[in-house]
Every structure is written in structure tokens, then in C-alpha cells.
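In case you want the letters, here they are:
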Amino acid sequence: SCVPGSGPCRSDGILNAVREAGSTDVIIHGLWGRGVEYDVDELTRLAEMAESEGINVHFIDPIPIYPAGVPRLLFNLEGPEASAPFRTSRASIESERVRYYTFRGTVEGTPHVYFYDSLSVLCPDLCEVSGFQGVYYHDDMHLSNLGASLYRPMGDLIVERALDR
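Residues numbered from 1 in each chain as written. Predicted model: local features only at pLDDT ≥ 70, side-chain atom pairs only at ≥ 80, totals over all residues. Heavy atoms only, no water.

1. Description of the overall build of the protein
Step number 1: Secondary structure assignment for the protein yields 8 helices and 5 strands.
Step number 2: Counted from the first residue to the last, the protein has its helices and strands arranged as α-β-α-β-α-α-α-β-α-β-β-α-α.
Step number 3: Within the protein, buried positions represent 41% of all 165 residues.
Step number 4: For the protein, restricting intrachain contacts to residue pairs at least 6 apart in sequence, the fraction spanning at least 24 positions comes to 73%.
Step number 5: Just so you have it, the protein exposes about 8,900 Å², and 53% of that area is on carbon and sulfur atoms. (Helix = DSSP H or I, 4+ residues; strand = E, 2+ residues; numbered from the N terminus. Buried < 20%, exposed > 50% of the residue type's maximum accessible area, 1.4 Å probe, protein only. Contact = heavy atoms within 4.5 Å. Areas by Shrake-Rupley, 256 points an atom, 1.4 Å probe, with all protein chains shown as cover.)

2. Topic: the sheet that holds strand S2 (residues 56-61)
Step number 1: If you trace the 3 strands from one edge of the open sheet to the other, you get S1-S2-S3, paired in parallel fashion. Lying at the two open borders of the sheet, with one neighbouring strand each, are strand S1 (25-29) and strand S3 (113-117). The mean inter-strand angle of the sheet, taken between neighbouring strand axes irrespective of direction, is 20°.
Step number 2: Two strands pair when backbone bridges link them, and S1 and S2 are joined in this way by 5 bridges, in the parallel orientation. Each residue of the ladder has a partner; that of Asp-25, found in S2, is Asn-56.
Step number 3: In this fold helix H2 (residues 40-53) packs onto S1, S2 and S3, with an angle of close to 145° to the strand it touches most, S2. (Pairing = 2+ DSSP bridges. Axes fitted to C-alpha atoms, helices over the stretch in contact; angles between N-to-C directions.)

This is the structure we're talking about:
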């Protein structure tokens, strides 16, 4: 767990770890816009290096993040969190992730580089934090088992691409 593009997670470090593990794929899932700004030049380099080595890079972004744990916001509506917003629009999240979309536009279409729109699952228009079967998050940004199950088709596509070599 580190910030891709910096320190040990620079492109060469990531690709070395993939090679050492005997893998052909790496998944990068991040927090664009929450005080974490990935090094776009380094991620572009990762995409180029991965292409030359035939390693697939899967980017899953952007993700909705809430000001406090979602279950707490939904079920413990007392104290300062009671007024915290836990519903936001897809457009609001996208407007905060301009650097991500700029990066994506730069490398999209590069062979072996895939992008998955995580907002398409929980934020078609308005981001949903819960549904009829329960809550989709267990804190401010980590999915519950139910929330994760909604991403199964995305996971299946990543596995399919990894096996389709």
C-alpha cells in the first residue's frame, strides 16, 4: 500500500514487483483528490514501460470518499457528523478529479492499459451509500462485502483480460 508514482511505488519498482511475483498484471486503485496527488509523469512512464513489457495495468478510479464512516453517518445521526453530507453527485466527484481525467486522456488507448470507471457502479448520477440489502461501505472509503459484490463484473473483466494472453 503506497502512493503509485512515488518512493518504492515508482514505475520501475511496481514493474519489478510484478516480475518478481511472476504476474502479468497490476491493479492501481487510488484516492485522486483527497490530499493524494499521484505523479502523473511517473504513471505515464509506468503505462509506457508496461506496454513494452506486455504487462497489463488496470486503473480503477475515481472513487467516492465521504467525510466520515458511512454507517455512522446513516445510523448515528448525532454530533458533528449529523450534518455531514453523505450523498454527492457523480458530477461533483468528477469536478474534483480533473488531474485524473487529464492523465486518463493522455494514456487511454495505450496497449495493455485499462481504465475502469468505479463511479459507474455506485454513482450513475447520485452516489448511493446503501441499498435495500444494506450499507455499501464500512467506513469513509472502504467497501463492505455487499458494496464489493457490486464490483464483481468489473473484477471478472480484469481476470478475463489477465487470462486472455
